[in-house]
Amino acid sequence: YSNGDAKASATFVPTQDDYQKVYNEIARLLVEKDDYDDGSYGPVLVRLAWHASGTYDKETGTGGSNGATMRFAPESDHGANAGLKLARDFLEPVKQKFPWITYSDLWTLAGVTAIQELQGPAIPWRPGRQDRDVAACTPDGRLPDASKDQKHIRAIFGRMGFDDREMVALSGAHSLGRAHTDRSGYDGPWDFSPTVFTNEFFRLLVEEKWAWKKWNGPDQFTDKTTKTLMMLPTDLALVKDKEFKKHVERYAKDSEVFFKEFSDAFVKLLELGVPFTSEERYTLKTSS
Ligand code: HIF
């Protein structure tokens, strides 16, 4: 058995309890360190877990969360990853405290912790990722470009092995966090509670009227009612495309169905391309 740092931990085989301790430490830090945007680093931890995983290419088996190659340039400097150093740095003290966990397990576990602590669904998670070196960095261009349409969404997420329903389910994670002009160029939150995981993203897509924002930044949408929210072109594509829209409407109506289908798709995302040796997943306990 090897957990990625054979020398330091040749005799230490972590149990579910040990991973629960890592979860608890991340959850504790999420409360303690509240100097991020709307008061929680949770959203940017979810984005880190997703960008680490979303480089997967099913044809070549390359990319995915195994490896944590975003620690290295060039991957850390890919435009899509702008701002994620904040998330990686947030997790560094956790890595110091639990040196036996690999970065790739830590980053994905942090995404799970953030979703659960921000009142989202349980995300069953399993360990087994190995950190790899700079040679395993993926080429630029594997993560989605928000200025594009449904064809692009299907190309990018199809390359990872997702179907239409899963693509829409995943998209609900944009109920968390916001865009930053100094990272992506876009600006603002998707809904009124960016630190609570809800199905609001879908409800707003269906019920709100969205207009092009008048500004000097990249093309994005703003809600006509308050002009404080935003949608990316790729978000609006989910209601422009009939097949996608069916699922948007289902999730807007039924939060329980969304939570279940999101959880399944997010579990799949975090496991893409990982050569697990165990089938067993842990459902870690939330802190409250
Ligand atoms: Fe995002 N996403 N995402 N995203 N994302 C941003 C922010 C977050 C896309 C673009 C952007 C997913 C899919 C896509 C989160 C989680 C997920 C930003 C703003 C952009 C531009 C970055 C910034 O400026 O800080 C595109 C084009 C996607 C494919 C359609 C996933 C489904 C929704 C896979 C997903 O889980 C989260 C969380 C954030 C907020 C980060 C923050 O710092 O608050």
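Residues numbered from 1 in each chain as written. Predicted model: local features only at pLDDT ≥ 70, side-chain atom pairs only at ≥ 80, totals over all residues. Heavy atoms only, no water.

K.L.:
Hey, could you run me through the domain arrangement of the protein in this one?
P.N.:
Under the domain assignment used here, the protein contains domain 1 (16-142 + 266-271) and domain 2 (150-264). In this structure, domain 1 and domain 2 have C-alpha centres spaced 21 Å apart. With 30 residues of domain 1 at the contact, the number on the domain 2 side is 22 residues. Both sides of the domain 1 and domain 2 interface together cover about 2,300 Å² of buried area, and 60% of this is carbon and sulfur. Considering only the side of domain 1, the residues that lose the most area to domain 2 are D38, F266 and K268, jointly responsible for 24% of the buried surface there. There are two salt bridges connecting domain 1 and domain 2. Note that D38 and R178 form a salt bridge whose closest N and O atoms lie 2.8 Å from each other. Taken together, the links from domain 1 to domain 2 amount to 17 residue pairs in polar contact (both at pLDDT 80 or more). At the level of elements, α2 (42-53) and α10 (255-271) are the ones that each hand at least two residues to the side of domain 1 that touches domain 2. By residue class, the composition of the side of domain 1 that touches domain 2 is 17 nonpolar, seven polar and six charged. (Domains from an automatic or database assignment. Contact = heavy atoms within 4.5 Å. Buried area = accessible area lost by both parts, 1.4 Å probe. Salt bridge = Lys/Arg side-chain N within 4 Å of Asp/Glu carboxyl O. Polar contact = N/O pair within 3.5 Å; in protein donor to acceptor, adjacent residues only side chain to side chain. Helix = DSSP H or I, 4+ residues; strand = E, 2+ residues; numbered from the N terminus. Nonpolar A, V, L, I, M, F, W, Y, C, P; charged D, E, K, R; others polar.)

K.L.:
Would you mind showing me how to read the coordination of the iron atom of the ligand here?
P.N.:
Six octahedral donors around a metal ideally sit at 90 or 180 degrees from one another, while four tetrahedral donors ideally sit at 109.5 degrees. Only one protein atom coordinates the iron atom of the ligand: H174 (NE2), located 2.1 Å from the metal. Mapped onto the fold, H174 is located in the loop between α6 (164-171) and β1 (178-179). (Donors = N, O, S within 2.8 Å, 3.2 Å for Na, K, Ca; no water.)

K.L.:
Help me out: how do you make sense of the sheet that holds strand β4 (residues 221-223) in this one?
P.N.:
What links the strands of a sheet is backbone hydrogen bonding, and the strands pair in either a parallel or an antiparallel sense. Ordered in space as β3-β4-β5, the three strands form an open sheet in which the pairing is antiparallel. The strands lining the two open edges of the sheet, one partner per strand, are β3 (210-212) and β5 (230-231). Bridge count between β3 and β4: three bridges; the pairing is antiparallel. Paired with A211 across the two strands is T222, which belongs to β4. (Pairing = 2+ DSSP bridges.)

K.L.:
Looking at this structure, I do not really get the site of the ligand. What am I missing?
P.N.:
Residues in contact with the ligand amount to 23 residues; listed here are only the nearest, Y36, H174, R178, H180 and S184. The side chain of Y36 places a nitrogen or oxygen atom 2.5 Å from an oxygen atom of the ligand. Within the backbone of R178, an N or O atom sits 3.0 Å from an oxygen atom of the ligand. Only α2, α6 and β1 provide two or more residues apiece to the shell around the ligand. The element that contributes the greatest number of residues to the shell around the ligand is α2, accounting for four residues. Of the residues belonging to the shell around the ligand, the class tally is 14 nonpolar, six polar and three charged. If you count residues domain by domain, the shell around the ligand takes at least three from each of domain 1 (16-142 + 266-271) and domain 2 (150-264). (Near = heavy atom within 4 Å.)

K.L.:
Help me understand the packing of helix α8 (residues 233-240) against helix α9 (residues 242-253), please; the structure alone is not making it clear to me.
P.N.:
The relative placement of two packed helices is expressed as an angle between their axes plus a distance between the axes. Interhelical geometry of α8 versus α9 gives an angle of 90° and a closest axis separation of 5 Å. With respect to their mutual orientation, α8 and α9 come out roughly perpendicular. From α8, A237, L238, V239 and K240 reach across to α9, where they touch K242, F244, K245 and V248. Residue composition of the contact of α8 with α9, grouped by class: five nonpolar, no polar and three charged. (Axes fitted to C-alpha atoms, helices over the stretch in contact; angles between N-to-C directions. Parallel < 35°, antiparallel > 145°, perpendicular 65-115°, else oblique.)

K.L.:
Just checking my understanding: could you explain the pattern of salt bridges for this structure?
P.N.:
In a structure, side chains of opposite charge can pair up when their charged atoms sit close to one another. Evaluation of the coordinates by the stated rule reveals 19 salt bridges. For K97, the salt bridge is made with E25, and the minimal N-O distance between the two is 3.4 Å. With a gap of 72 residues between them, K97 in helix α3 (residues 85-97) and E25 in helix α1 (residues 16-32) connect regions that are remote in the sequence. Residue E25 is classed as buried on the basis of its relative accessible area, which comes to 9%. We note a salt bridge from D145 to K148, for which the minimum N-O separation is 3.5 Å. What you see here is one network of salt bridges that share partners, running through E25, R28, E32 and K97. (Buried < 20%, exposed > 50% of the residue type's maximum accessible area, 1.4 Å probe, protein only.)

K.L.:
Help me understand the nonpolar core, please; the structure alone is not making it clear to me.
P.N.:
Generally speaking, soluble globular proteins have nonpolar side chains that are buried together. Judged by nonpolar contacts, the single largest core of 84 residues is most densely connected at I26 and L91. If you count residues domain by domain, this core takes at least three from each of domain 1 (16-142 + 266-271) and domain 2 (150-264). Every residue in contact with L91, bar those within four places of it in the chain, is listed here: I26, L45, L48, L106, W107 and A110. (Core = buried A, V, L, I, M, F, W, Y, C linked by side-chain atoms within 4.5 Å.)

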